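# An overview of the molecular structure
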Amino acid sequence: MEDWSSPEKPWANRQIRELRKAIVEGGDAIEGLSYAQIAVWYGQIIGDIVERINGIVVVDLPISDLHVSSRVKTITTLRDKLKRDPAMQIPRVHDVMGVRVAAQMSLSVQDIFVKRIEQVLPVAQVSDIRKNPHSGYRAVHAIVKLPNGVFCEVQVRTVLQDAWANCYELAGDIYGRDIRYGGKPDHDDHGLVNHLQHLSELVALMEQASDRNMNDAALAANTQLLEIIQSTAEMLESNRDILKIKR
């Protein structure tokens, strides 16, 4: 693995602690430091991470439709996370910057791809969230710890896992983000969250079966399940404003 270099941090330890307090209290800056500066700094680093992941060789793997994307947390989602964990300081948050890898691949190939990430990035921890999903969310996360002491979360998802996660994220925007952490919808969802949880179980069963034997019938079943998840997401998106109204 090549040596890692990154631009100098735009903060001192005292400043980042003070900024954390300001963010939790609803602000976005202190004298000499803003979250916008931090986001720009993380954005510079994340480009190098994405480049290394894009350089991973996959021609020998049964994998297609590989897509790599990245983002730095918005101050709103960071604020929510810091409130949930009062002891967490910003540089210790694993997903202030995050990379998402989604591809048409089996569970076994997903494992192989994560191993290849470990060859090009300083991975400190791998979390398999497929067997013990978070509110239905399934993926494999590689937590990258850089020499400068900050982290990046690399999410590796199959196409089905990714479609479900995107759909559930949309549901969280409509029915309250608490559903992502085991909470209940903040208004009547007409059973949608339970429906999505059921779809998550189907994703797991389908992918396990396909991993053992990917034949035409399994491929057709996976395609049908993907279409159901995507049509649910399209319904949520097209009716977002109406569904957000609390009755």
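Residues numbered from 1 in each chain as written. Predicted model: local features only at pLDDT ≥ 70, side-chain atom pairs only at ≥ 80, totals over all residues. Heavy atoms only, no water.

## Observations concerning the pattern of salt bridges
Enumeration according to the criterion identifies 15 salt bridges in this entry. Residues Arg-130 and Asp-128 are paired through a salt bridge, measuring 2.8 Å at the closest nitrogen-oxygen approach. Among the residues examined, Arg-130 registers a relative accessible area of 14% and is labelled buried. Among the residues examined, Asp-128 registers a relative accessible area of 35% and is labelled partly exposed. We note a salt bridge from Arg-138 to Glu-201, for which the minimum N-O separation is 3.3 Å. In this pair, Arg-138 sits in the loop between β5 (123-128) and β6 (140-145) while Glu-201 sits in helix α6 (residues 192-212), placing the two residues 63 residues apart along the sequence. One salt-bridge network, in which partners are shared between bridges, spans Asp-173, Glu-237, Arg-240 and Lys-244. (Salt bridge = Lys/Arg side-chain N within 4 Å of Asp/Glu carboxyl O. Buried < 20%, exposed > 50% of the residue type's maximum accessible area, 1.4 Å probe, protein only. Helix = DSSP H or I, 4+ residues; strand = E, 2+ residues; numbered from the N terminus.)

## Re the packing of α6 against helix α7 (residues 216-238)
For the pair α6 and α7, the least separation of the axes is 10 Å and the interaxial angle reads 155°. Here α6 lies roughly antiparallel to α7, going by the angle between them. Crossing geometry of α6 relative to α7 is assigned as left-handed. Where α6 abuts α7, its residues Leu-192, His-195, Leu-196, Leu-199, Leu-202, Val-203, Met-206 and Ser-210 lie against Ala-218, Ala-221, Asn-222, Leu-225, Ile-228, Ile-229, Thr-232, Met-235 and Leu-236. (Axes fitted to C-alpha atoms, helices over the stretch in contact; angles between N-to-C directions. Parallel < 35°, antiparallel > 145°, perpendicular 65-115°, else oblique. Left-handed = near helix turned anticlockwise from the far one by under 90°. Contact = heavy atoms within 4.5 Å.)

## So, the pairing of strand β7 (residues 151-158)
Looking down a regular strand, the side chains alternate between one sheet face and the other. For β7, a buried count of eight out of eight residues is recorded, marking the element as mostly surrounded by other parts of the structure. Taking every second residue as pointing to the same face, both faces of β7 are buried, with Phe-151, Glu-153, Gln-155 and Arg-157 on one and Cys-152, Val-154, Val-156 and Thr-158 on the other. Pairing between strand β4 (residues 97-104) and β7: six bridges, direction parallel. Its bridge partner being in β7, Val-101 is matched across the sheet by Val-156. Pairing between β6 and β7: six bridges, direction antiparallel. Along β7, the bridge assignment pairs His-141 with Gln-155. Joining the antiparallel neighbours β6 and β7 is a turn of five residues, in which Gly-149 adopts a positive phi near 90°. (Pairing = 2+ DSSP bridges.)

## Quick notes on the sheet that holds β6
The strands that make up a sheet pair up through hydrogen bonds in the backbone, lying either parallel or antiparallel. An order of β3-β4-β7-β6-β5 is seen for the five strands of this open sheet, with the pairing classed as mixed. Two strands bound the open sheet, and with one partner strand each, they are β3 (64-72) and β5. Across the sheet, the mean angle separating the axes of adjacent strands is 15° when strand polarity is ignored. Examined bridge by bridge, β5 and β6 share five bridges and lie antiparallel to one another.

## Here's the deal with the nonpolar core
Ranked by size, the top nonpolar core spans 45 residues in total, and within it Ile-49, Ile-53, Met-97, Val-99, Phe-113 and Val-154 carry the most contacts. Listed by contribution, the elements that provide at least two residues to this core are α1 (13-24), α2 (35-54), α3 (75-84), β4, α4 (107-120), β6 and β7. At nine residues, α2 tops the list of elements feeding residues into this core. Ile-53 has contacts with Val-68, Val-99, Val-101, Phe-113, Leu-121 and Val-154, leaving out every residue within four places of it along the chain. (Core = buried A, V, L, I, M, F, W, Y, C linked by side-chain atoms within 4.5 Å.)

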